[in-house]
Number of protein chains: 2
Amino acid sequence: MAETRELTKNQALVFGVLSKADGPLSAYSMLDQLREHGFRAPLQVYRALEKLVEFGLVHRLESINSFVACTHPHDHSHGLIAFAICETCGAVDEFSDEIVEQRLTGWSRNNNFQLAKTTIEMRGVCANCSSA
Amino acid sequence: MAETRELTKNQALVFGVLSKADGPLSAYSMLDQLREHGFRAPLQVYRALEKLVEFGLVHRLESINSFVACTHPHDHSHGLIAFAICETCGAVDEFSDEIVEQRLTGWSRNNNFQLAKTTIEMRGVCANCSSA
DNA sequence: ACCTATAATGTAATAACATAACGATCAGGA
DNA sequence: TCCTGATCGTTATGTTATTACATTATAGGT
Ligand SMILES: [Zn+2]
Ligand SMILES: [Zn+2]
Ligand SMILES: [Zn+2]
Ligand SMILES: [Zn+2]
């Protein structure tokens, strides 16, 4: 389906920065990169990010207060996603696991917990970094 | 084996506030509660929290920048823990799931990812709040 | 074209969360 | 006692995120 969406100027600028980056970025580092394009205030970044996250183009990494471009750009319909974040180089690996999702939704059902959003973030050292 | 540990004065004060609370607290709200006991600066809270987390008595909830007393006070040896956080009342339910842990450690092994720490946080509405 | 409603933007100020740096103090072991 | 490592107090600063309010662009209906 991969419905193409028209991004606004600010959204496109923020998404561009995030897409060119080789890892997650903080909102303020994006702001710094975008000052030459006229950005003046954090809100310009945060507002764009809010929409991009809503569109599924960007993910927020709660454990490191940063944002990363989705690595599955042609399938924005993903359900539960897990992230593996390298603490050495910053690389982020994004994956889904059906079993994990089943276990967590199962727990929620059993406990009458109305699940809205799940965060799974693993931190460690990636293959590249640990082989070096 | 629940080894008893001697907490310092500041650690005991912070742990006391967190234990009496019925949900997670931010470091700054703990600071406010502890001003009458002589606390003056955020670091006094953050330093105590750092140790309490290390001891396994307190958990940090990354997705809401808060801290919560462990609900399994007699077993600080837990491996992977998942949290269900009610966005209405703030209640936190802490649980472990062996299968989820196996899937995530399995992924890490398959991808040569040296896993150091995993965060699993579910946000939604708890049974109490959704029945009310 | 005109009106209107919604979404997006600009800007300043502030709130909320967290750490750096430095020196003082305390506790236990050689 | 002397040394060492952990804890503590304090100030300042760094980092992340939101509130508030005014303005401008966009899309539809008449
Ligand atoms: Zn994605
Ligand atoms: Zn790496
Ligand atoms: Zn626990
Ligand atoms: Zn609740």
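Residues numbered from 1 in each chain as written. Chains lettered and ligands numbered in written order. Predicted model: local features only at pLDDT ≥ 70, side-chain atom pairs only at ≥ 80, totals over all residues. Heavy atoms only, no water.

## Details of the protein's contact with DNA strand C
Then comes step 1: Taken together, the neighbourhood of DNA strand C is formed by 15 residues, with Gln44(A), Arg47(A), Tyr28(B), Leu43(B) and Arg60(B) sitting nearest.
Then comes step 2: The side chain of Asn10(A) places a nitrogen or oxygen atom 3.0 Å from a phosphate oxygen of DNA strand C.
Then comes step 3: Contact between DNA strand C and Gln44(A): a phosphate oxygen at 2.5 Å from a side-chain N or O atom of the residue.
Then comes step 4: Listing elements by their share of the surface near DNA strand C, those giving two or more residues are helix H1 (9-20) and helix H3 (42-55) of chain A together with helix H3 (42-55) of chain B.
Then comes step 5: With four residues, the single largest contributor to the surface near DNA strand C is H3(A).
Then comes step 6: Residues of the surface near DNA strand C, tallied by class, amount to five nonpolar, five polar and five charged. (Near = heavy atom within 4 Å. Polar contact = N/O pair within 3.5 Å; in protein donor to acceptor, adjacent residues only side chain to side chain. Helix = DSSP H or I, 4+ residues; strand = E, 2+ residues; numbered from the N terminus. Nonpolar A, V, L, I, M, F, W, Y, C, P; charged D, E, K, R; others polar.)

## Points about the domain arrangement of chain A
Reports of interface size often rely on the accessible area that becomes lost once the parts have come together.
Residue and element names in this part refer to chain A.
Then comes step 1: Segmenting chain A into domains produces domain 1 (4-69) and domain 2 (80-125).
Then comes step 2: In this complex, domain 1 contributes nine residues to the contact, which on the side of domain 2 involves 10 residues.
Then comes step 3: Where domain 1 abuts domain 2, roughly 740 Å² becomes buried across the two surfaces, and 61% of that area is made up of carbon and sulfur atoms.
Then comes step 4: Three residues stand out in domain 1 for area buried against domain 2, namely His 59, Leu 61 and Ser 63, and they jointly supply 52% of the buried area on that side.
Then comes step 5: Where domain 1 meets domain 2, there are one salt bridge.
Then comes step 6: For Glu 62, the salt bridge goes to Lys 117, with nearest N and O atoms at 3.9 Å. (Domains from an automatic or database assignment. Contact = heavy atoms within 4.5 Å. Buried area = accessible area lost by both parts, 1.4 Å probe. Salt bridge = Lys/Arg side-chain N within 4 Å of Asp/Glu carboxyl O.)

## What about the coordination of the zinc ion (ligand 3)?
Residues and elements named next belong to chain B.
Then comes step 1: Taken together, His 59 (NE2), Cys 70 (SG) and Glu 94 (OE) make up the full set of protein donors to the zinc ion (ligand 3), lying 1.8 to 2.2 Å away.
Then comes step 2: Positions of the donor residues of the zinc ion (ligand 3) along the chain correspond to the pattern H-x10-C-x23-E. One end of the pair, His 59, is in strand E1 (residues 58-61); the other, Glu 94, is in strand E4 (residues 92-95), with 35 residues separating them in the sequence. The pair His 59 / Glu 94 is uniform in exposure class, with both members buried. (Donors = N, O, S within 2.8 Å, 3.2 Å for Na, K, Ca; no water. Buried < 20%, exposed > 50% of the residue type's maximum accessible area, 1.4 Å probe, protein only.)

## Focus: the interface of chain A and chain B
Then comes step 1: The interface of chain A with chain B comprises 34 residues on the first partner and 34 residues on the second.
Then comes step 2: On inspection of chain A and its partner chain B, the count reaches four salt bridges.
Then comes step 3: Among the salt bridges present, the one from Arg123(A) reaches Glu62(B), with a minimum N-O distance of 3.2 Å.
Then comes step 4: If you look at where chain A meets chain B, you find 16 residue pairs in polar contact (both at pLDDT 80 or more).
Then comes step 5: Breaking the side of chain A that touches chain B down by element, the ones donating at least two residues are strand E3 (82-86), strand E4 (92-95), helix H4 (98-110), strand E5 (114-125) and helix H5 (127-131) of chain A.
Then comes step 6: By residue number, the principal contributor to the side of chain A that touches chain B is E5(A), which donates 12 residues.

## Description of helix H1 (residues 9-20) of chain B
Residues and elements named next belong to chain B.
Then comes step 1: In this model, H1 (12 residues) spans 17 Å end to end at C-alpha, consistent with the 16 Å of a helix rising 1.5 Å per residue.
Then comes step 2: Buried residues of H1: Gln 11, Val 14, Val 17 and Leu 18, and no others. Taken down its axis, H1 places every buried residue within 135° of arc, on the same side. In this structure, H1 carries Lys 9 and Lys 20 as exposed residues pointing more than 90 degrees from its buried face.
Then comes step 3: Next to the buried residues of H1 lie helix H2 (27-34), H3, E1 and strand E2 (66-69). (Expected span 1.5 Å × (residues − 1). Arc of directions from axis to C-beta.)

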